[in-house]
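# Residue-level structural notes
Spelled out, the chains give:
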Amino acid sequence: QVQLVESGGGEVQPGGSLTLSCSASGNIFSLNFMGWYRQAPGKQRALVAEITNIGHTDYADSVKGRFTISRDNAKNTVTLSMNLLKPEDTAVYFCNARGRVSPSFPLNDFWGQGTQVTVSS
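Quick look at the structure, then. (Residues numbered from 1 in each chain as written. Predicted model: local features only at pLDDT ≥ 70, side-chain atom pairs only at ≥ 80, totals over all residues. Heavy atoms only, no water.)

## Notes on the overall build of the protein chain
A tally of helices and strands in the protein chain yields 0 helices and 11 strands. Going from N to C terminus, the protein chain has its helices and strands arranged as β-β-β-β-β-β-β-β-β-β-β. Relative to the globule expectation of 14 Å for 121 residues, the C-alpha radius of gyration of the protein chain, 14 Å, shows essentially globular dimensions. Considering only C-alpha atoms, the protein chain reaches an extent of 50 × 25 × 20 Å along its principal axes. (Helix = DSSP H or I, 4+ residues; strand = E, 2+ residues; numbered from the N terminus. Rg over C-alpha atoms; globule rule 2.2 N^0.38 Å.)

Structure follows, in structure tokens:
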């Protein structure tokens, strides 16, 4: 199985910065996509940013220009650098990976437990 562990969540003032990290471990053949989703109270989980194993990225419009996603394929880690944070960025952030545990297995989704990010004065 694949396990994802997040770190870096916390509280920050508006305009501040925070960096989230996620490390994948377990039976990993490939992780085609790694990324971050977030879920605010009363809202559905939504994509924040995603990156492929060859470095292609996709960002939600609401964070484009403020957040940067990166990954280290050798270490199976993904990092989300968040700048100019706004109160509306407050949410539980979940690490996500999509890949295979075996070359004969189909793609599957793996999720971290979530880490709280609070932006407040």
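## So, the sheet that holds strand S1 (residues 2-7)
Pairing within the open sheet is antiparallel, and its 4 strands lie in the order S1-S3-S8-S7. Unpaired on one side and paired on the other, S1 and strand S7 (67-72) mark the two borders of the sheet. With direction set aside, neighbouring strand axes in the sheet form an average angle of 15°. Judged from the 6 bridges that link them, S1 and strand S3 (residues 18-26) form a sheet pairing that is antiparallel. Note on S3: the bridge partner recorded for Val5 is Ser23. (Pairing = 2+ DSSP bridges. Axes fitted to C-alpha atoms, helices over the stretch in contact; angles between N-to-C directions.)

## Points about the pairing of strand S9 (residues 91-100)
S9 sits mainly inside the fold: 7 of its 10 residues count as buried. Alignment of strand S4 (residues 30-39) against S9, held across 9 bridges, turns out to be antiparallel. Paired with Gly35 across the strands is Asn96, a residue of S9. Note: S9 against strand S11 (residues 115-119), 3 bridges, orientation antiparallel. Paired with Ala91 across the strands is Val117, a residue of S11. Here 4 bridges tie S9 to strand S10 (residues 108-111), and the two strands are oriented antiparallel to one another. Residue pairing across strands places Asn96 opposite Trp111, the latter belonging to S10. (Buried < 20%, exposed > 50% of the residue type's maximum accessible area, 1.4 Å probe, protein only.)

## Concerning the pattern of salt bridges
Inspection of every chain in the model, using the stated rule, returns 4 salt bridges. Among the ionic pairs, Asp89 bridges to Arg38, the shortest N-O distance being 2.9 Å. With Asp89 in the loop between strand S8 (77-82) and S9 and Arg38 in strand S4, this pair connects stretches of sequence that are 51 residues apart. A relative accessible area of 0% means that Asp89 is categorised as buried. Residue classification places Arg38 among the buried residues on the basis of a relative accessible area of 15%. With a closest N to O distance of 3.4 Å, Glu50 and Arg98 form a salt bridge. Remark: Arg98 occurs in strand S9 and Glu50 occurs in strand S5 (residues 46-52); sequence separation between them is 48 residues. With a relative accessible area of 12%, Glu50 lands in the buried category. The class for Arg98 is partly exposed, based on a relative accessible area of 21%. Taken together, the salt bridges that share partners define one network made up of Arg38, Arg66 and Asp89. (Salt bridge = Lys/Arg side-chain N within 4 Å of Asp/Glu carboxyl O.)

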